[in-house]
Amino acid sequence: MIVLATSDKGGTGRSVTTTNVAYRRALQGDDVCFLDFDFGSPTAGAILDVESVSRGIKMGTGLHSYLHGETAEPARIDVWRHAGWSGRRRPLGAGRLVLLPGDEGGGEFPVDAAMIERCRQLFLGLAEEFSIILVDLSAGRSYAAELVQEATSNLGSGGEAVRWLVFHRWTRQHILAAHGLVFGERGIVNNGVQLGIDREVMEDSIRFVRTAVQEPDSAQLSLLRPAQASWLQRCHEELLELAARRRLGRSMMIGAIPLDPVLQWREQIIRDLDVRSTQIANPETVAAFEDLASKLTQQNYWAAV
Amino acid sequence: MRIQPRQLMLELWQAASAYSHQKGEWQFGGRAQPNSTADAEQLLCLMYPATAEASYFRLEQPDRTGKDVAQALQALGEPIEIPQVLLRAVSTFMRRYSDEDGLPVFHGGAYLQATQAGHILSPEDRRIDIVDSMSMSITLCLATLGFFKEYRRTGIRRAQLLRDVEWLENAASTRLTAAMVGLLRSFTVHTFSPTSTAGAALLRTVDQDGYSEEQLLARLRASLNSIRADLPEATDGTTGLDGLENENHLFECGWSWGVVHGAPAVEADLPESAQKPGRAVARPNLYFTLSALDGIADLSSERTRRLNLLTSTQQSLSRRLQLRWELAQRYWSAIADFGDRRTALADIPWQPTDRAGGESPVTDHYYSLQVAGMVIENLHQRRPAENELASIAQILAELAIRARVTRRASQQETAVEMHVPGLEIPLAEADGKPVVLAWRVTDFATALLKRTMRLVLLARSAELRQQLLDLADEIWGHVEQRMILDGPGAGLWDDPRRPFPGLPDEAGEPSWYFTERVVECLVAAVSVIDMSPVTNVAGISAARTMLSEADHLYHRELLNGALNAGGAMRAELEDVAIQIDRARAAVERRPGTAQAILLEVLRRLNSLEAARPSIVLEGRL
Ligand SMILES: Nc1ncnc2c1ncn2[C@@H]1O[C@H](COP(=O)(O)OP(=O)(O)O)[C@@H](O)[C@H]1O
Ligand SMILES: [Mg+2]
């Protein structure tokens, strides 16, 4: 399965969430690979704490170079072996967790047919090795995003399932932007239709993830003054209504990641010991990552009612 | 009001859904064996609030389902799954209560009892259509039609699901038509001579001022004249109209317990065979009349109209039922209103024109309550005077006391019989056949609460409203005590042993009959809270006076050049201006709130003034 992670705006929490989901999914026993397609700002190395690729790979062997035909195979990094926090060894029962980093100083580029083909071949190859391929796209409509959508729309018969996770924060502007990215005139759905995919199949393959959510009844907000709480609840209700009208409601939502103090201060993987031993992160955050990780492959969350 | 309907409803939903949905499937059942009335009641515990006029408990648009609502219904699954769970449950209901030809049936089933202890009812006996079931079905079918009409609009598109929804909509519509036809054929007119037992009972009811029998008869005829004149319009499906030709005879009208013997077939989109011959005696019964009225009220609700739930045939049936509804209301209100010094209704308990052998006289209080219910519904058609409402409020309070709902009951007190075993209505058949079946009515407490809530909606003075809300709270206190605490039905109803000690233990299974009525009360409480607060002229006038004083003082501050006094002063006066505007907006609809804001404003303006002592006058310069 190929999971494409996108968002209309930058700074939504897409990279941090996707990376954590990849980590959780590997811990659940699946072989997972993570592709950093955010060529403008490759961050996966930093989030995973792989020192050597913290701003992308330097040797010209990243995904960027591969697509340009400058290297025959993109570099792969075994996260279990190279992450700073890891014991250099895959945890018992876990699957593989492999990062395909971007190039340092990669940047945007126009797409040509050869690149699409290379990209297609890359996915076909990875699909044989990994059960979950997570792709962190850049924010908004970019060349990289179009490239991936086109390459994955045409993986041949018996092709891998392709699913989209659209990340947005819980604000008015983010909801409107995410709606536009998916359902807008030049949005993902229409793009897919132009690439020959059924509109309904397209819609079934897209789900939204709310990030850094603070529910009005969350513990963190209990110190608000009554008037603030009253205002906040009204705002929340208006957003719920807006989301329902813009088709980002509960039925299209596959995850909601609570605001977490650790992630607010630093982009990183949250491990169980951060919750259990040092208790710096919230258990709800980890639960939300795990939940999203397992729903990726649960068919009923990806079917229209 | 101390009743908190949202919280109470969600607690009830949690218990009801956990009981009803087990092993991934809806389970019908409870204290009584499944039957067409009980199963409709069980479904309505969810469907009724979910489709009520106020939208707090909506379920058909999963994107809009409240968080606490979703939590309460966890037993049914996630919000997205709930409409489908209900779809399957209501579809099962529709299938189960159709005969071999697929025609809807309204059998009394396990709710029927034998009049004679020890007599075992045959399956044949239990296959008899009952008005209560028809009325519940009208409510359930309307709820279903509206629910799934809205559900469709959420953009569902799975082909099988769409087919299932369509199937249910058709089944619900057919059942609705059948229930309406059944009700039309259960409406009846009963005529009798003034010298018969029934005549004597009626005359005794209206005899409140000591008139001679002739005078009384003349007055009674006069006040019923217009109803008598209008009744012949209600021909479709109605029995007993020919009796009205004898001008000397008295009459009563309303619903019998089922389709009346000899009731003609009604024109509708139903196969002829669906209109089976009736068995019920051609005599209205107050309980079934009120039960029919509750169903018919839903047919003419704002929601039914707005969502356009009725086909044209159903609209025509509905108009015909409406006519009978009005006639029955007018009739019983006219009788209830009889009397100058004291109305017949206030002469508690009401004497029915027909009383079965073994009936306990204490259950006559049911009739008082039912007539009061009819009078209240009749008042909803016009703007009643406050004193009219007050006198009915007093009657409800009196009934609550007599039924030991708002007074402690001593052991073995006869009043307890009103609740347990309740009123037993023998289901008399035509031609004086021996009566074998009876219908048990045990809803005194909830009926009382529901009627109280309906009356609150009419009250315009704060005093009366408060008085009624206090009564409602007291009745709720009683009802709440009857919630089942342990066993499978925990959190549901009915366990009367706490208010009425000494009653036998009736297992912990829920009574959907009672629980559904509790739900209706909570929905009624929601509508009470949803209306705007009552106000009175005095309150508004006091608020206006304060507003003009505050506004005046504020302008005087400005005139004095207060804005030259620096930032602190400017900020203060800006805020004062905002508060005055808020108060102005609240004066008419929330005079109490306006006064509270203005008190604060006046105090702030005063402290500005107080800080400027008249230095010169005090001679300290
Ligand atoms: N659940 C969360 N709670 C608090 N902060 C978060 C959360 N998720 C992400 N963040 C923070 O938000 C910022 C943007 O996240 P990032 O993943 O880089 O966004 P994107 O990839 O969408 O640009 C980061 O500082 C990140 O740590
Ligand atoms: Mg990023």
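### What to know about the overall build of chain A
Looking only at helices and strands, one finds 13 helices and eight strands in chain A. Here the C-alpha radius of gyration of chain A, 19 Å, is about what a compact globule of 305 residues would show, namely 19 Å. With the C-alpha coordinates aligned to their principal axes, the bounding extent of chain A is approximately 60 × 45 × 35 Å. Looking at chain A as a whole, 52% of its 305 residues are labelled buried. Approximately 13,700 Å² of chain A is accessible, and the part contributed by carbon and sulfur atoms is 48%. Separation of charge centres in chain A, based on 32 positive and 38 negative side chains, amounts to 4 Å.

### Some points on the overall build of chain B
Scanning chain B from terminus to terminus reveals 20 helices and seven strands. For chain B, long-range pairs separated by at least 24 residues make up 74% of all intrachain contacts whose partners lie at least 6 apart in sequence. For chain B, the accessible surface area stands at approximately 26,900 Å², while carbon and sulfur atoms represent 50% of it.

### Section: the environment of Val 32 of chain A
All names here are of chain A. In this fold, Val 32 is placed in strand β2 (residues 32–36). When the C-alpha positions of Val 32 and Phe 130 are compared, they lie 5.6 Å apart, and in sequence the two are 98 residues distant. Contacts of Val 32, omitting those with residues within four sequence positions, involve Ala 22, Arg 25, Ala 26, Arg 96, Leu 97, Val 98, Phe 130, Ile 132 and Leu 134.

### So, the site of ligand 1
Residue and element names in this part refer to chain A. Around ligand 1, the structure places 17 residues, and the nearest of them are Gly 11, Thr 12, Ser 15, Arg 169 and Leu 263. A distance of 2.9 Å separates a nitrogen atom of ligand 1 from a polar atom in the backbone of Asp 260. About the coverage of ligand 1: the protein hides 87% of its 560 Å² of free accessible area. Those elements that provide at least two residues to the shell around ligand 1 are α1 (14–27), β8 (253–258) and α11 (261–265). Element by element, the count of residues in the shell around ligand 1 is highest for α1, at three residues. In terms of residue class, the shell around ligand 1 is built from six nonpolar, six polar and five charged.

### Some thoughts on the nonpolar core
Within the largest apolar cluster, 184 residues are counted, with the highest numbers of intra-cluster contacts made by Trp 13, Leu 231 and Trp 439 of chain B. Contacts of Trp 439 of chain B, omitting those with residues within four sequence positions, involve Thr 37, Gly 108, Tyr 111, Leu 112, Ile 130, Asp 132, Tyr 287, Phe 288, Leu 423, Glu 424, Ile 425 and Leu 427 of chain B. Membership of the second largest hydrophobic core comes to 47 residues, among which are Ile 2, Leu 100, Ala 145 and Val 166 of chain A.

### As for the sheet that holds strand β7 (residues 437–441) of chain B
Residue and element names in this part refer to chain B. Read across the open sheet, the three strands follow the order β3-β7-β6; overall the sheet is antiparallel. Looking at strand neighbours, the two that pair on one side only are β3 (112–114) and β6 (423–426), the edges of this open sheet. On average, each strand axis in the sheet is tilted by 45° relative to the strand beside it, whichever way the strands run. Looking at chain direction, β3 and β7 are connected through three bridges and run antiparallel. Bridge pairing in β7 places Ala 114 opposite Leu 437.

### What to know about the interface of chain B and chain A
Listed per partner, the contact involves 16 residues of chain B and 14 residues of chain A. For the chain B and chain A pair, buried surface summed over both sides reaches about 1,300 Å², with 43% attributable to carbon and sulfur atoms. Between chain B and chain A we count six salt bridges in total. Between Arg 64 of chain B and Glu 241 of chain A there is a salt bridge, and its shortest N-O distance comes to 2.8 Å. On inspection of chain B and its partner chain A, the count reaches nine residue pairs in polar contact (both at pLDDT 80 or more). Within the side of chain B that touches chain A, the residues separate by chemical class into seven nonpolar, three polar and six charged.

### Examining the sheet that holds β2 of chain A
Residue and element names in this part refer to chain A. Taking strand neighbours across the sheet as the criterion, the eight strands line up as β3-β4-β2-β5-β1-β6-β7-β8 in an open arrangement whose pairing is mixed. Only two strands of the sheet have a single neighbouring strand rather than two, namely β3 (77–78) and β8. In this structure, β2 lies alongside strand β5 (residues 132–139), joined through five bridges in parallel fashion. Directly across from Val 32, in β5, lies its bridge partner Ile 132. Contacts from α1 reach β1 (2–7), β2, β4 (97–100), β5, β6 (162–169), β7 (206–213) and β8 within the one sheet, and its direction differs from that of β5 by about 175°.

### Describing the pattern of salt bridges
Residues and elements named next belong to chain B. Here the structure, examined in full by the defined rule, presents 63 salt bridges over all chains. Close ionic contact of Arg 330 with Asp 230 constitutes a salt bridge, the shortest N to O distance being 3.1 Å. Placement of the pair is Arg 330 in helix α12 (residues 312–336) and Asp 230 in helix α9 (residues 213–230), with a sequence separation of 100 residues. Owing to a relative accessible area of 29%, Arg 330 belongs among the partly exposed residues under this scheme. Its relative accessible area of 24% is what places Asp 230 among the partly exposed residues. Of the charged contacts in the structure, one is a salt bridge between Arg 402 and Glu 398, with a shortest N-O distance of 2.8 Å. One end of the pair, Arg 402, and the other, Glu 398, are both in helix α14 (residues 386–402), four residues apart, so they sit about a helical turn from each other. Residue classification places Arg 402 among the partly exposed residues on the basis of a relative accessible area of 29%. The exposure class assigned to Glu 398 is partly exposed, which follows from its relative accessible area of 32%. Three or more residues joined by partner-sharing salt bridges are found here, namely Asp 294, Glu 377, Lys 450, Arg 451, Arg 454 and Glu 520.

### Some points on the packing of aromatic side chains
Two aromatic rings, taken as a pair, are described by how far apart their centres are and by the angle between their planes. Residues and elements named next belong to chain B. Under the defined criterion, the tally for this structure stands at 23 aromatic pairs over all chains. Considering the side-chain rings of Tyr 111 and Tyr 513, the 6.2 Å spacing of their centres and the 80° angle between planes classify their relative orientation as edge-to-face. Residue Tyr 111 is found in the loop between α4 (82–96) and β3, and its partner Tyr 513 is found in helix α17 (residues 512–530); the two are separated by 402 residues along the sequence. Using a relative accessible area of 13% as the deciding quantity, one classes Tyr 111 as buried. Taking relative accessible area as the criterion, Tyr 513 reaches 6% and is therefore assigned buried. Here the aromatic rings of Phe 187 and Trp 255 are separated by 4.9 Å at their centres, their planes lie at 70°, and the arrangement is edge-to-face. With Phe 187 in strand β4 (residues 187–192) and Trp 255 in strand β5 (residues 250–255), the pair connects residues that are 68 residues apart, well separated along the chain.

### Some thoughts on the pairing of β7 of chain B
Residues and elements named next belong to chain B. By the criterion of burial, β7 is predominantly enclosed, with four of the five residues buried. Alignment of β6 against β7, held across four bridges, turns out to be antiparallel. Opposite Pro 426, over in β7, you have Ala 438 as the bridge partner.

### Topic: the packing of α14 of chain B against helix α16 (residues 462–481) of chain B
Residues and elements named next belong to chain B. Contact pair α14 / α16: the axes reach a minimum separation of 11 Å and the direction vectors enclose 20°. Here α14 is positioned roughly parallel relative to α16, judged by the angle of their axes. Where α14 crosses over α16, the handedness of that crossing is left-handed. In this structure, α14 uses Glu 386, Leu 389, Ala 390, Ala 393, Leu 396, Ala 397 and Ala 400 to contact α16, whose residues at the interface are Leu 464, Gln 467, Leu 468 and Leu 471. Here the contact of α14 with α16 is built from residues that sort into nine nonpolar, one polar and one charged.

### A word on helix α6 (residues 143–152) of chain A
Buried residues dominate α6 of chain A, accounting for seven of its ten residues. Restricting attention to buried positions, one finds in α6 of chain A the residues Ala 144, Ala 145, Leu 147, Val 148, Gln 149, Ala 151 and Thr 152 of chain A.

Calculation notes
- Residues numbered from 1 in each chain as written.
- Chains lettered and ligands numbered in written order.
- Predicted model: local features only at pLDDT ≥ 70, side-chain atom pairs only at ≥ 80, totals over all residues.
- Heavy atoms only, no water.
- Helix = DSSP H or I, 4+ residues; strand = E, 2+ residues; numbered from the N terminus.
- Rg over C-alpha atoms; globule rule 2.2 N^0.38 Å.
- Buried < 20%, exposed > 50% of the residue type's maximum accessible area, 1.4 Å probe, protein only.
- Areas by Shrake-Rupley, 256 points an atom, 1.4 Å probe, with all protein chains shown as cover.
- Lys, Arg positive; Asp, Glu negative; His and termini not counted.
- Charge placed at Lys NZ, Arg CZ, Asp CG, Glu CD.
- Contact = heavy atoms within 4.5 Å.
- Near = heavy atom within 4 Å.
- Polar contact = N/O pair within 3.5 Å; in protein donor to acceptor, adjacent residues only side chain to side chain.
- Nonpolar A, V, L, I, M, F, W, Y, C, P; charged D, E, K, R; others polar.
- Core = buried A, V, L, I, M, F, W, Y, C linked by side-chain atoms within 4.5 Å.
- Pairing = 2+ DSSP bridges.
- Axes fitted to C-alpha atoms, helices over the stretch in contact; angles between N-to-C directions.
- Buried area = accessible area lost by both parts, 1.4 Å probe.
- Salt bridge = Lys/Arg side-chain N within 4 Å of Asp/Glu carboxyl O.
- Phe/Tyr/Trp six-rings, centres within 6.5 Å; stacked < 30°, edge-to-face > 60°.
- Parallel < 35°, antiparallel > 145°, perpendicular 65-115°, else oblique.
- Left-handed = near helix turned anticlockwise from the far one by under 90°.

By themselves these figures say nothing about function.
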